[in-house]
Amino acid sequence: MPSQSEPAAPVITGGEPGSFPWRVFHERHPVLLRQVLDGLPYGPEQRRAVERLLAESTGGVIGPLEDGARDAAAWDAWGLGDQLGLRWTDAPFLWAESYFYRRLLAAVGWFGPGPWQGVDPFGPVKAAELGSPAVDEELAALDGLGTLTDAQQDDALLRSALWGNRADLSFRLTGGPASGDPRTGLLCDDGARFWAALRSGPPGRLALIADNAGRELLPDLVLIDRLLSTGRASSAHLYVKPQPYYVSDATTADAVAAAERLLHAPGAAGAVGQRLREALTSGALEIRTHPFLCAPLPFDAMPGDLRAELSSAAMAVVKGDLNYRRLVGDRHWPATTPFADLTAHFPAPVAALRTLKSDVAAGLDAATAARLDATGPGWRTSGRHAVIQVRA
Ligand SMILES: O=P(O)(O)OC[C@@]1(O)O[C@H](CO)[C@@H](O)[C@@H]1O
């Protein structure tokens, strides 16, 4: 069977006009950059730099990092030299889009020195989402959990974390659906295997590799609290990005903001927030990060220090579409390629909670794949479908 070490599938690129990656560069990114420039009062220098990046990424070739870039050695190791001079849509989609977000940070002055150093270009949209009345409603729903059995509560919180992934702000820019269909949208449900794996041995550390801030991170934090407070995990690491990335990907600041949102919420949500605050201060829950979490490469290329850290986890939960692409390899795999084969490289038992928002798909049964393909290619990127896939 194929595995990432002997890839039997071509890498996904954006070379085909009208393809999903092509549309991301030519349709999604212009909207995104307009939103960034409308969201913060950047000056002429930053605005010109963002416009130059848009022109380069839609009509030019991949250019170098800015002079003096503090992460130049990392990007050299991540293959920048091989991509320089290629049209952005001729490079691997995973590589090119990751580099796009890295160049955007430089364009808006995030690396400094200067007044915009450390100012998250996606901060306004993240804050608006976290402060929205929809979040109040979602947090209030936790008050109803007590009427459910323990198993029903487990299931509800796992699915809440899963569908929280639909909320990614870059996806919503171009009309992504408000929600997937929790009944028919789940294409693969290894939820029972997830809970069985946690019961199969003494409680260990949960590693949750987060995706988006706000309305995705809140149910992620609630799930972490559930596992800690019911003894299914002895501790937890919450992995966030070391810098702003893919619009809504969570950073430490976003994790703190979400934890505070819970802490100051009424009812059951506030109790979760209080327990999480205690877990963070006691060390039972640690916020972690690593430069590789913003690297343009699949997870099978992760460096030894991160691999060693993750290998001590009893279970790793990998959230979202981009992390899924990195976990299985962003290739045109047959959708029936076994998830276990493509994730054999991962250093811990792993559960992927993903809404489908890009072309890669794996681990589906043949009937499901055939049914979906009969509807055309849209099922891969619509955000209406999701998977819970576990390699215990
Ligand atoms: O990882 P997430 O937030 O679930 O999704 C990230 C995403 O919106 O960005 C990429 C396309 O721009 C795709 O990987 C995916 O559609």
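Residues numbered from 1 in each chain as written. Predicted model: local features only at pLDDT ≥ 70, side-chain atom pairs only at ≥ 80, totals over all residues. Heavy atoms only, no water.

1. Some points on the nonpolar core
Then step 1. Counting 79 residues, the largest nonpolar core has Tyr101, Leu327 and Phe346 as the members making the most contacts within it.
Then step 2. With ten residues, the single largest contributor to this core is helix α5 (residues 93–107).
Then step 3. Two domains each put at least three residues into this core: domain 1 (20–119) and domain 2 (127–391).
Then step 4. Those residues in contact with phenylalanine 346 that sit more than four places away from it in its chain are Ile209, Phe299, Met302, Arg307, Leu310, Ala316, Val318, Leu327 and Arg391.
Then step 5. Counting 47 residues, the second largest nonpolar core, distinct from the first, contains Ala161, Ala213, Leu262 and Ala279. (Core = buried A, V, L, I, M, F, W, Y, C linked by side-chain atoms within 4.5 Å. Buried < 20%, exposed > 50% of the residue type's maximum accessible area, 1.4 Å probe, protein only. Helix = DSSP H or I, 4+ residues; strand = E, 2+ residues; numbered from the N terminus. Domains from an automatic or database assignment. Contact = heavy atoms within 4.5 Å.)

2. Things to note about the packing of helix α8 (residues 150–163) against helix α10 (residues 191–199)
Then step 1. Viewed as axis vectors pointing N to C, α8 and α10 meet at an angle of 115 degrees, and their least axial separation amounts to 11 Å. The element α8 and its partner α10 pack so that their crossing is right-handed. Here α8 contributes Asp154, Asp155 and Leu158 to the contact with α10, which in turn contributes Gly191, Phe194 and Trp195.
Then step 2. Residues belonging to the contact of α8 with α10 are distributed by class as follows: three nonpolar, one polar and two charged. (Axes fitted to C-alpha atoms, helices over the stretch in contact; angles between N-to-C directions. Left-handed = near helix turned anticlockwise from the far one by under 90°. Nonpolar A, V, L, I, M, F, W, Y, C, P; charged D, E, K, R; others polar.)

3. Re the pairing of strand β6 (residues 350–355)
Then step 1. Here β6 lies mainly inside the structure; six of its six residues are buried.
Then step 2. Burial along β6 is two-sided: the residues Val350, Ala352 and Arg354 and Ala351, Leu353 and Thr355 are all buried.
Then step 3. Relative to β6, strand β5 (residues 315–319) runs parallel, the two sharing four bridges. Within β6, the residue paired with alanine 316 across the bridge is valine 350. (Pairing = 2+ DSSP bridges.)

4. Considerations on the domain arrangement of the protein chain
Then step 1. Taken domain by domain, the protein chain consists of domain 1 (20–119) and domain 2 (127–391).
Then step 2. For domain 1 versus domain 2, the separation of C-alpha centres amounts to 26 Å.
Then step 3. Taken together, the 19 residues of domain 1 in the interface contact 25 residues of domain 2.
Then step 4. Together domain 1 and domain 2 conceal approximately 1,900 Å² of surface at their shared face, both sides included; 68% is due to carbon and sulfur atoms.
Then step 5. In terms of surface lost to domain 2, no three residues of domain 1 exceed Arg28, Trp78 and Leu94, which account for 37% of the buried area on that side. (Buried area = accessible area lost by both parts, 1.4 Å probe.)

5. A short note on the packing of aromatic side chains
What describes a pair of aromatic rings is the distance from one ring centre to the other and the angle between the planes of the rings.
Then step 1. A complete count under the given rule lists 20 aromatic pairs for this structure.
Then step 2. Here tyrosine 101 and phenylalanine 122 contribute two aromatic rings whose centre-to-centre distance is 6.2 Å and whose plane-to-plane angle is 65 degrees, an arrangement assigned as edge-to-face. Pair noted here: tyrosine 101 is in helix α5 and phenylalanine 122 is in the loop between α5 and α6 (123–130), with a separation of 21 residues, a long-range link. Exposure class is identical for tyrosine 101 and phenylalanine 122. Each is buried.
Then step 3. The side chain of arginine 326 reaches across the aromatic face of phenylalanine 292, ending 4.7 Å from its centre. (Phe/Tyr/Trp six-rings, centres within 6.5 Å; stacked < 30°, edge-to-face > 60°. Lys NZ or Arg CZ within 6 Å of the ring centre and 35° of its normal.)

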